[in-house]
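Here are the chains, one letter per residue:
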Amino acid sequence: MTQHQTTVLLGAQWGDEGKGRVTDLMAEEADVIVRFSGGHNAGHSIHVGLEKFALHLIPSGILHPEKRNVLASGMVISPEALLKEMDALEARGLSMGRLYVSARAHVIMPYHALLDRLEEERQGAEQIGTTLKGIGPAYTDKVARRGLRMIDMLYEDVLKKRLDGGLAYTNKILQGVYGAPPVDVDEMIAYLQPLVRRLAPYITDTEALLHARYRAGDRILFEGAQGTLLDLDVGTYPFVTSSYPSAGGVCLGSGLGPSQIDAVIGVAKAYITRVGGGPFPTEQDNAIGERLRSLGHEYGVTTGRARRCGWMDLPLLRFAAQVNGLTGLVITKLDVLSGMQTIGLCTHYLLDGERLELPPPCIEQWDRLEPVYEEIPGWEEDLSAVRRFADLPEAAKDYLHRIEQSVGIPISLVSVGPERAQAFRL
Ligand code: IMP
């Protein structure tokens, strides 16, 4: 798909763009596949023949036995969730021999998940709608410099020192803010011990590993999780995740520098979805949205929640192209749009009568955005058996060209179903 040595593949919307199936395809041409941000809030479903794999932490490259798979330093990792995923994959005959976990990645502890839930409950109607996996609280501890890193777990004295320090603060918050019982350091050490024993062989200096593989000429694929609009800095703050799923996060989260990144591919659905709270200008909270949800199976891989669905939003895609420096686009789930008489394509917004080509930074203004749609003629044909761009109905080709032209980035791949074969290049 790309002749580059290093390629970033990331979500250009609010996550769930179908990145897993695209990484799985691109992984065929890569030697190393790297996750650089987030944790087990992600859920990638990949279909191989009749088998379906749901991955949360481990890169999709694990399905290719000869590839190296790296969980890099920008991630927050629950040892318990990671081992569960490893066990489930091993039970299906996959080898974990080429899995590498960053020594510098931060650890998600059970009290992070507890804090996530308590804080969502405290916020009530204002809640973010997080995945409740402890992602935000783990990154909060990291930024506040009281976090626990993977490497710290390997040394008993360091582990105790870190937990003593971190929990001295966290217990005050648990008790004082939430009225919850404190967490016991020794209990946490006892909880971690069996997990650490099993994970220790996988924990390594992944920055060094990645540089060595880069120097050796390996092709490296960075597999994004979540999406650009969930990015802590460029996303729809505060309705975001606590990490950097955008292209900037690749360097922060892996240890390679910007000059070592050759291509940045953004994945977008042919429509758009969002899970959790927050503004959503092109949301179709009606029969159209329901149709997209049921035909697109828009239910979370991680939480099972129904996704909110809407029409393709070009201002958001243009924004994603800019902030990520996209060099290519992948459009997934084009098949889901079959049978629509017309398809709404949001070309720009009006804000108090003013035309906007890009979203405004003030989230409070988003509720007043009026999406302006171009009504694109639909097509009746089922696309699931199409294997070449040339065989798409003219209306579907026009729709893709309109997106390409409006965003100014070439579409390199289109998918029309979850199977490996249901994707073709342009
Ligand atoms: P958190 O990442 O669990 O803190 O959740 C913060 C926001 O990001 C919520 O709106 C979640 O629904 C959303 N989110 C987190 N991970 C994903 C994902 O993989 N796909 C889609 N939305 C996600």
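Scroll up to find the structure.
This text gives an overview of the structure that appears in the document. Worth saying up front: this structure is predicted, and the values here are computed from it rather than measured.

**Section: the side chain of H348**
Counting through the fold element by element, H348 comes out in strand β16 (residues 342-351). Among the residues examined, H348 registers a relative accessible area of 10% and is labelled buried. In terms of polar contacts, H348 uses its side chain to reach the side chain of T347, at 2.9 Å. Contacts of H348, omitting those with residues within four sequence positions, involve P315, R355, L356, E357, E370, P371 and V372.

**Regarding the nonpolar core**
Ranked by internal contacts, the top residues of the largest apolar core, which has 56 residues, are L334, Y399 and I403. Looking at which element gives the most residues to this core, the answer is helix α12 (residues 394-407), with six residues. If we skip the residues at most four places from it in the chain, L334 touches A270, W379, L383, L392, A396, Y399, L400, V414, S415 and V416. Counting residues in hydrophobic clusters, the runner-up holds 44 residues, among them A81, A103, L148 and L163.

**Quick notes on the packing of helix α3 (residues 110-123) against helix α4 (residues 135-143)**
Their axes nearest at 7 Å, the elements α3 and α4 cross at an angle of 115 degrees. Classified by the angle between their axes, α3 and α4 sit roughly perpendicular to one another. Taken as a pair, α3 and α4 cross one another with a handedness that is right-handed. Contact with α3, carried on its side by Y111, H112, L115 and D116, involves I135, P137, A138 and D141 of α4 and no other residues of that element. Looking at the contact of α3 with α4 residue by residue, the classes come out as five nonpolar, one polar and two charged.

**Side note on the packing of aromatic side chains**
Applying the stated rule across the entire model yields two aromatic pairs. Here W379 and Y399 contribute two aromatic rings whose centre-to-centre distance is 6.3 Å and whose plane-to-plane angle is 50 degrees, an arrangement assigned as tilted. Within this pair, whereas W379 is found in the loop between β18 (370-377) and α12, its partner Y399 is found in helix α12, the two being separated by 20 residues in sequence. Under the relative-accessibility criterion, Y399 is labelled buried at 0%. The aromatic ring of F53 is capped on one face by R92, whose charged end is 4.1 Å from the ring centroid. In this arrangement the basic side chain of K397 is found over the ring face of F389, its NZ or CZ atom lying 5.9 Å from the centre.

**As for the pattern of salt bridges**
The tally for this structure, following the rule as stated, stands at 25 salt bridges. Two residues, R420 and D24, come together in a salt bridge whose shortest N-O distance is 2.7 Å. Of the two residues, R420 sits in the loop between β19 (411-415) and β20 (423-425) while D24 sits in helix α1 (residues 19-27), which places them 396 residues apart along the sequence. Owing to a relative accessible area of 26%, R420 belongs among the partly exposed residues under this scheme. With a relative accessible area of 1%, D24 lands in the buried category. Salt-bridge contacts for R307 lead to E298; the nearest nitrogen and oxygen are separated by 2.8 Å. Accessibility classification places R307 together with E298 in one group, the buried group. Linked through salt bridges whose partners overlap, the residues forming this network are D16, K269, E298, R307 and K333.

Parameters at a glance
- Residues numbered from 1 in each chain as written.
- Predicted model: local features only at pLDDT ≥ 70, side-chain atom pairs only at ≥ 80, totals over all residues.
- Heavy atoms only, no water.
- Helix = DSSP H or I, 4+ residues; strand = E, 2+ residues; numbered from the N terminus.
- Buried < 20%, exposed > 50% of the residue type's maximum accessible area, 1.4 Å probe, protein only.
- Polar contact = N/O pair within 3.5 Å; in protein donor to acceptor, adjacent residues only side chain to side chain.
- Contact = heavy atoms within 4.5 Å.
- Core = buried A, V, L, I, M, F, W, Y, C linked by side-chain atoms within 4.5 Å.
- Axes fitted to C-alpha atoms, helices over the stretch in contact; angles between N-to-C directions.
- Parallel < 35°, antiparallel > 145°, perpendicular 65-115°, else oblique.
- Left-handed = near helix turned anticlockwise from the far one by under 90°.
- Nonpolar A, V, L, I, M, F, W, Y, C, P; charged D, E, K, R; others polar.
- Phe/Tyr/Trp six-rings, centres within 6.5 Å; stacked < 30°, edge-to-face > 60°.
- Lys NZ or Arg CZ within 6 Å of the ring centre and 35° of its normal.
- Salt bridge = Lys/Arg side-chain N within 4 Å of Asp/Glu carboxyl O.

Geometric values such as these leave the question of function open.
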